[in-house]
Every structure is written in C-alpha cells, then in structure tokens.
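A look at the structure
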Amino acid sequence: MDFPSELIQFLKKAERVSVLTGAGVSQESGLRTFRDAQAGLWAQYRPEDLASPEAFARDPKLVWDWYAWRREAVKGVRPNAGHYALVEMENRIPTFTLITQNVDGLHRFAGSRNVLELHGNILRVRCADCGTFTEVWGDDSESVPRCETCGGMLRPDVVWFGEALPRAELEAAVSATREAQIFFSIGTSGVVQPAAALAHAARNKGSIVIEINAEPTPLTPKTDFAFHGRSGEILPELVKAVWG
Ligand code: OAD
C-alpha cells in the first residue's frame, strides 16, 4: 500500500500517539467481530441481547454459557501481525497509549505495555454481587457457578450495555486522547459510546486522525487519512514504511 509521505513524516516525528482498537483487530486471529453473525447454537441471538445486565437477570445461565463459549474461543487464538505491529509502534514512539474495546487480552499477549482495556477482560471472572475475583469455579453445566465468598452468581469482568466503563481506564483514555498528536482508530465500527467519541474528541482538539478499517465507518469523513483493508496487513506495512 502507498502511504502519503506527509503521513510518514508525521509518524517519524511523533512523540505522543494514541490508538483505539476494536474487534476488527482480532478478526485475523480468528475471533468474530462483535457485529458479525453469531455461529451455530448462538446464531439465534444478537450479541447486544446477551451482553447486558437485563439479559443476565433474565437468564443468567444463557449469558454465562455465551461468555464461556467466547472465552474458549479466545483461549484458542494468538495475536496476529496487526497486534505485533502495534507493539513495534509502541517501541518507537515515546508516549504511546493503546486504548482497546476488545476483551480478548490479545494486545497484552502480543507484548503491548500501555494498554487501557475499556470494556474489561473476558478471561477474568468476578462475583456479580460482592465483586470478588476468582480464577476457579465449580461445575457450570446446570447453573451459573457461585462466589465462594458470598454465594452470589459469577459473571465475566466485562462491561455490559448500560454499565459504566471502569473509571480509571476511561479517564486515562480521555487524557491520552487529549494529549495525542496522532490518533488511530483501528478495526472498530465506531458506533459504541463512549469509546467512539474519543476519535471525534481527538479531531476536535486538532490531532491527526487516521482510520484503518475493513470498510468505511461514520468516522471516515472526519479523518485525515483513511485506509480500508485488513489491519493485520496495513499496520505492518505502515510500520515498515515509517521505521523500515
Ligand atoms: P464491531 O463488530 O462493531 O466492528 C468491527 C469493525 O472491524 C467493523 O467496522 C469491521 O468492518 C472491521 N473489521 C473487520 N475485520 C477487520 C480486519 N481484518 N481489519 C480491520 N478491520 C476489520 O466491533 P467494535 O467496534 O469493537 O462492547 O464494537 C465495539 C463494542 O461494541 C464492543 O467492544 C462491544 C460492543 O458493544 C461491549 O460489549 C461493551
């Protein structure tokens, strides 16, 4: 891919870069994006209808089982070339913040260090009542496992629709956005708030905004540069074009 020389120069000189990623970044690792069709047994449900406190209250076992299915999928995959290109970028840029909506932990797995997980992590489980984290739980074939401390139901440590984002992560993401000279939006449909607003905030304060996504999004007309294709291909090419 040909990158404008102006962009290459901006990146070479950049001191503060922030990146927002979404499910598209993990697609080439073999994970479904959030708004992709569900598979098999789950095809009859919309993810939006399972990822909510209301869904958990209505049918906790259904929600637990959906996350157990997704957790197993996450355990079976590895980071892809896009994740590794972002590690390389972090190595080259003095202040680099990776803000992710992904709950799969693949950025850290690849070696990214300054990662803000805005929507939690699917591999962590906590009590829905007392918040105690646990790494082991009993048989979940009949019902949702219970917390050993208080007897409450266990749930994934992810942010559901209608729930607040973790405060420290959100505040750090807002400040990294404010300070960024260059802001990337990668592999995200940009429709879920407040994450989607970060790119607009970056633009409003004068950052250079770059999108890398399989297809155009509502953000595209507002970007300075937009590249449409697979992030696992475009990101390594960009890193190579800038830093050789
Ligand atoms: P989406 O599934 O909404 O969007 C994924 C985006 O990635 C789409 O725009 C695809 O075109 C693009 N895409 C797919 N494959 C790609 C590839 N190989 N390279 C580059 N782009 C690719 O996922 P998110 O935007 O991450 O939150 O969704 C945001 C949030 O919505 C999720 O974190 C989740 C959901 O609500 C919660 O559960 C709180």
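Residues numbered from 1 in each chain as written. Predicted model: local features only at pLDDT ≥ 70, side-chain atom pairs only at ≥ 80, totals over all residues. Heavy atoms only, no water.

With that out of the way, let us pick up the overall build of the protein chain. A count of helices and strands for the protein chain gives 10 helices and 9 strands. The globule rule puts the C-alpha radius of gyration for 244 residues at 18 Å, and the 19 Å found for the protein chain is close to it. Summarising its shape, the C-alpha atoms of the protein chain cover approximately 60 × 35 × 30 Å along the three principal directions. Residues counted as buried form 49% of the 244 residues belonging to the protein chain. Of the contacts formed within the protein chain by residues at least 6 apart in sequence, a portion of 67% connects residues at least 24 apart. As presented, the protein chain carries roughly 11,700 Å² of accessible surface, and 49% of it is formed by carbon and sulfur atoms. Distance between charge centroids for the protein chain: 4 Å, based on 26 positive and 31 negative side chains. (Helix = DSSP H or I, 4+ residues; strand = E, 2+ residues; numbered from the N terminus. Rg over C-alpha atoms; globule rule 2.2 N^0.38 Å. Buried < 20%, exposed > 50% of the residue type's maximum accessible area, 1.4 Å probe, protein only. Contact = heavy atoms within 4.5 Å. Areas by Shrake-Rupley, 256 points an atom, 1.4 Å probe, with all protein chains shown as cover. Lys, Arg positive; Asp, Glu negative; His and termini not counted. Charge placed at Lys NZ, Arg CZ, Asp CG, Glu CD.)

With 6 of 8 residues buried, strand β4 (residues 120-127) is to be regarded as a mostly interior element. As judged from the 5 bridges shared by β4 and strand β6 (residues 154-158), these two strands associate in the antiparallel manner. Counterpart to asparagine 121 in the pairing with β6 is aspartate 157. Inspection of the sheet shows β4 paired to strand β5 (residues 133-134) by 2 bridges, in the antiparallel sense. Looking across to β5, one finds that valine 125 is bridged to threonine 134. The loop that links β4 with its antiparallel partner β5 comprises 5 residues; one of these, glycine 131, has a positive phi angle of about 85 degrees. (Pairing = 2+ DSSP bridges.)

Moving on to the domain arrangement of the protein chain. Here the domain parsing of the protein chain yields domain 1 (5-31 + 77-119 + 160-243) and domain 2 (33-75 + 122-158). In this assembly, 16 residues from domain 1 lie in contact with 20 residues from domain 2. Of the roughly 1,500 Å² buried where domain 1 meets domain 2, counting both sides, 60% is carbon and sulfur surface. By the criterion of area lost to domain 2, the three top residues of domain 1 are Val103, Trp160 and Phe161, representing 51% of everything that side buries. Connecting domain 1 to domain 2 are 2 salt bridges. (Domains from an automatic or database assignment. Buried area = accessible area lost by both parts, 1.4 Å probe. Salt bridge = Lys/Arg side-chain N within 4 Å of Asp/Glu carboxyl O.)

Our focus in this paragraph is the layout of surface pockets. Of the pockets and cavities examined, the second largest pocket occupies roughly 150 Å³. Looking at the lining of the second largest pocket, the elements that each hand over two or more residues are β4 and β6. Top contributing element to the lining of the second largest pocket by residue count: β4, with 3 residues. Along the lines of polarity and charge, the residues of the lining of the second largest pocket split into 5 nonpolar, 2 polar and 7 charged. When residues of the lining of the second largest pocket are sorted by domain, at least three fall in each of domain 1 (5-31 + 77-119 + 160-243) and domain 2 (33-75 + 122-158). (1 Å grid on protein atoms, 1.4 Å probe; cavity = no way out; pocket = protein on both sides within 12 Å on 5 of 7 lines; lining within 4 Å. Points joined across faces, edges and corners; volume = space filled by probe spheres on them. Nonpolar A, V, L, I, M, F, W, Y, C, P; charged D, E, K, R; others polar.)

Formed by 28 residues in total, the largest nonpolar core has its most connected members in Met89 and Phe184. By residue number, the principal contributor to this core is helix α10 (residues 231-243), which donates 6 residues. Aside from chain neighbours lying at most four places away, what touches phenylalanine 184 is Leu11, Val17, Ser18, Val19, Leu20, Met89, Ile210, Ile212 and Leu238. Of all hydrophobic cores here, the second largest spans 16 residues; its members include Trp42, Leu50, Tyr67 and Val158. (Core = buried A, V, L, I, M, F, W, Y, C linked by side-chain atoms within 4.5 Å.)

Attention shifts here to the pairing of strand β2 (residues 95-100). Here β2 lies mainly inside the structure; 5 of its 6 residues are buried. With 6 bridges connecting them, strand β1 (residues 16-21) and β2 associate as parallel partners. Across the sheet, leucine 20 pairs through a bridge with isoleucine 99, a residue of β2. Sheet topology places β2 next to strand β3 (residues 115-117); 3 bridges connect them, and they run parallel. Pairing of isoleucine 99 across the sheet is with leucine 116, part of β3.

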